[in-house]
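# Per-entry structural report
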Amino acid sequence: MGFARTCSVALVGVEGVVVEVQADLEPGVAAFTLVGLPDKSLSESRDRVRAAVVNSGGDWPQKKLTVGLSPASVPKGGSGFDLAVACAVLGAAERIDPRELADLVMIGELGLDGRVRPVRGILPAVLAAAEAGYEQVVVPEQTAAEASLVPGISVLGVRSLRQLIAVLTDEPVPEEEPDQEGRPDAMLAGLVVPGAGVGTGLSIDADTSPPDLADVAGQRTARTALEVAAAGGHHLMLYGPPGAGKTMLAERLPGILPPLTRQESLEVTAIHSVAGILPPGKPLVHKAPYCAPHHSATMQSLVGGGNGLPRPGAVSLAHRGVLFLDEAPEFSGKALDSLRQPLEAGHVVVARSAGVVRLPARFLMVLAANPCPCGRHTLHGAGCECPPSVIRRYQARLSGPLLDRVDLRVEAEPVRREDLLAQGGRGEATAQVAERVLAARERAATRLQGTPWTTNSEVPGHELRTRWVTAPGALAAAERDMERGLLTARGLDRVLRVAWTLADICGDDRPDETHIGLALELRTGISRGAPLPVGGAW
């Protein structure tokens, strides 16, 4: 009787679970049984592995073969187990020393000719292997750079099963014929899901330069709100007539966000790798992602869903970046209200019959809305013909609990002729605003050092009221609004967070009446006479 075991990784959401792949050979009628809760794509690995072993010059054992995937209670799917199954079978057949396989983690799909094809989710899989204590992984050569992002683990990239067998048996490693220059590499097809990035409106690490904030005409208040949102991670709502520049402002928000830290880059890369939208040749995402789903998106496409275990939705694809919902009232109420939990918690828990998955979703949400169905309600003399009842129903599509989680609500005013023709002078460029945003983030990070929070939007209200207090008498206006019912308890906490961000932008030690007044104005839309900071100063 022959027995061998090695390891692979099963992905549950964006987290990996190390799976032991065991192969057992017994005398009897030749048969191949795969057990351990495999799905359809994994069950088909029996035929792929058999053809790959034979075409790689190996002998397929003519005995009763049983391959077990442990733990058997974890659902397993995908073709990433092929390489581990093939090596476990060859170990049981004594073609490879079973002792060489026991401490290896193998991830990869096998072609019928023995080539090792890349699969999605390499980074979270290798992270799970490292956390479990493994020190060596074998991955397809095309994804070796992505696997090497994990520190403290040795990565072996192989192009074929023949090469891996030679490495494990100390034989000369055969050279694989390189692909002809100029021909598309079919091996990269497994890394990208067709249409996944297009369907979500996702844009990351584009080679072209980001759009410049100086292209936006006018909109001084909206530009200030955009800077505050980027500096503190605050959610933003832009409402106003069509053509005022709401979409232009939202598209320029990722350009003023600070670059991702190493840990944030790994988080974002892991999610995009699982979703199949990680660009080939760019194993690490450095810039904040920007996701703009269409208003016909379903709740499952926003928070996560799909057959079997849920897959990341738009809120997870926008993790550490921007989620832009253009024409927000046109989204279904069910889809919009599903955003309440991730907006507050920074993650989303999706429960399905196949299991419960926790997906990261700490994003900066930007809503854009017209004042009425025709969009001319706030324009003087524009001839809005929408009845008051229709306007109320249209504006009520954004529920109160959802808007209560939005820190900044700013009206995008109609663009004036002198602003559009550049007679009033161009606004600040993206680079100038990005410098102030980065400086404000650094001030907040210094103040929050030693805590689990990095931005003002993450700090609980209790901490802001007790640990970091405002100037004496600064909260008088906010307390009056709360007594009148204009502010909820959550709203007061969010006003405090925005005020701290304004203080960080202006370089002040703590918020005063001016910061609180502007924070209230940016939240309620009611003018408080507070001046707007120009160039980071009042």
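Residues numbered from 1 in each chain as written. Predicted model: local features only at pLDDT ≥ 70, side-chain atom pairs only at ≥ 80, totals over all residues. Heavy atoms only, no water.

## Points about the overall build of the protein chain
As a reminder of what qualifies: Helix and strand assignments come from DSSP, with helices taken as H or I runs of at least 4 residues and strands as E runs of at least 2, each series counted from the N terminus. Any residue under 20% of the maximum accessible area for its type is buried, any over 50% is exposed, and the rest in between are partly exposed; the area is computed with a 1.4 Å probe on protein chains only. We call two residues contacting when some pair of their heavy atoms lies within 4.5 Å. For every accessible area listed, the method is Shrake-Rupley and the probe measures 1.4 Å; residues are considered covered only by the protein chains on display.
For the protein chain, the count of helices and strands is 23 helices and 16 strands. Along the three orthogonal principal directions, the C-alpha set of the protein chain runs to about 85 × 50 × 45 Å. Taking all 538 residues of the protein chain together, 50% fall into the buried category. Contacts spanning at least 24 positions in sequence make up 71% of the contacts within the protein chain whose residues lie at least 6 apart. Of the accessible surface of the protein chain, which amounts to about 23800 Å², a share of 50% is contributed by carbon and sulfur atoms.

## Brief notes about the packing of aromatic side chains
Rules: Any two of the Phe, Tyr and Trp rings considered here, Trp counted by its six-membered ring, make a pair once their centres fall within 6.5 Å; the pair's planes then place it as stacked at under 30 degrees, edge-to-face at over 60, or tilted in between.
Counted under the stated rule, the structure contains 2 aromatic pairs. Residues Phe32 and Trp60 carry aromatic rings whose centres are separated by 5.6 Å and whose planes lie at 45° to one another, so their mutual orientation is tilted. Placement of Phe32 in strand E3 (residues 31-35) and of Trp60 in the loop between helix H2 (45-55) and strand E4 (64-70) is noted, with a sequence separation of 28 residues between them. One exposure class covers both Phe32 and Trp60, and it is buried.

## Examining the environment of Leu42
Structurally, the position occupied by Leu42 is in helix H1 (residues 40-43). Residues Leu42 and Gly78 lie 36 residues apart in sequence; the distance between their C-alpha atoms is 5.5 Å. Ignoring anything within four residues of it in the chain, the contact list for Leu42 reads Leu34, Leu69, Lys76, Gly77, Gly78 and Phe81.

## A closer look at helix H11 (residues 262-275)
The cut-off we apply is this: Any helix carries an expected span of 1.5 Å times its number of residues minus one.
Here H11 spans 20 Å end to end across 14 residues, near enough to the 20 Å set by a 1.5 Å rise per residue. Summarising burial for H11: 11 of the 14 residues are buried, a large majority. Just downstream of H11, Gly276 is the residue with a positive phi angle, here 80°.

## Observations concerning the nonpolar core
Spelled out, the test is: Nonpolar cores are built from buried Ala, Val, Leu, Ile, Met, Phe, Trp, Tyr and Cys residues. Side-chain atoms within 4.5 Å join them into one set.
Counting residues in hydrophobic clusters, the biggest one holds 58 residues, and the most contacted among them are Leu236, Leu253, Val366, Leu408 and Ile516. Of the residues forming this core, the biggest block, 8 residues, is contributed by helix H22 (residues 489-506). Among all residues touching Leu253, those that are not within four sequence positions of it are Leu226, Ala230, Val322, Leu364 and Val366. In this structure, Ala23, Trp60, Ile96 and Leu110 belong to the second largest nonpolar core, which totals 38 residues.

## Points about the environment of Leu90
Relative to the elements of secondary structure, Leu90 occurs in helix H3 (residues 82-92). A sequence separation of 88 residues divides Leu90 from Gly2, and the C-alpha atoms of the two residues are 9.8 Å apart.

## Here we look at the packing of helix H4 (residues 122-131) against H11
Our working rule: Helix axes are fitted only over the stretch in contact, all axes being lines through C-alpha atoms; the angle between N-to-C directions runs from 0 to 180 degrees. Each angle receives one of four descriptions, namely roughly parallel if under 35 degrees, roughly antiparallel if over 145, roughly perpendicular if within 65 to 115, and oblique otherwise. Ten residues, namely Ala, Val, Leu, Ile, Met, Phe, Trp, Tyr, Cys and Pro, are considered nonpolar, four, namely Asp, Glu, Lys and Arg, are considered charged, and the remaining ones, Gly among them, are considered polar.
Between H4 and H11, the shortest axis-to-axis distance is 7 Å and the interhelical angle comes to 120°. For the element pair H4 / H11, the angle class is oblique. Side by side, H4 and H11 meet where Ile122, Leu123 and Pro124 of the first sit next to Leu266, Thr269, Ala270, Ser273 and Val274 of the second. Here the contact of H4 with H11 is built from residues that sort into 6 nonpolar, 2 polar and no charged.

## Describing the sheet that holds strand E12 (residues 322-325)
For clarity, the cut-off: Strands were regarded as paired on the criterion that DSSP finds at least two bridges between them.
Strand order in the open sheet formed by 5 strands is E11-E12-E15-E10-E16, with parallel pairing between adjacent strands. Lying at the two open borders of the sheet, with one neighbouring strand each, are strand E11 (290-291) and strand E16 (408-411). Relative to strand E15 (residues 364-369), E12 runs parallel, the two being bridged by 4 bridges. In the strand pairing of E15, Val322 is matched with Leu364.

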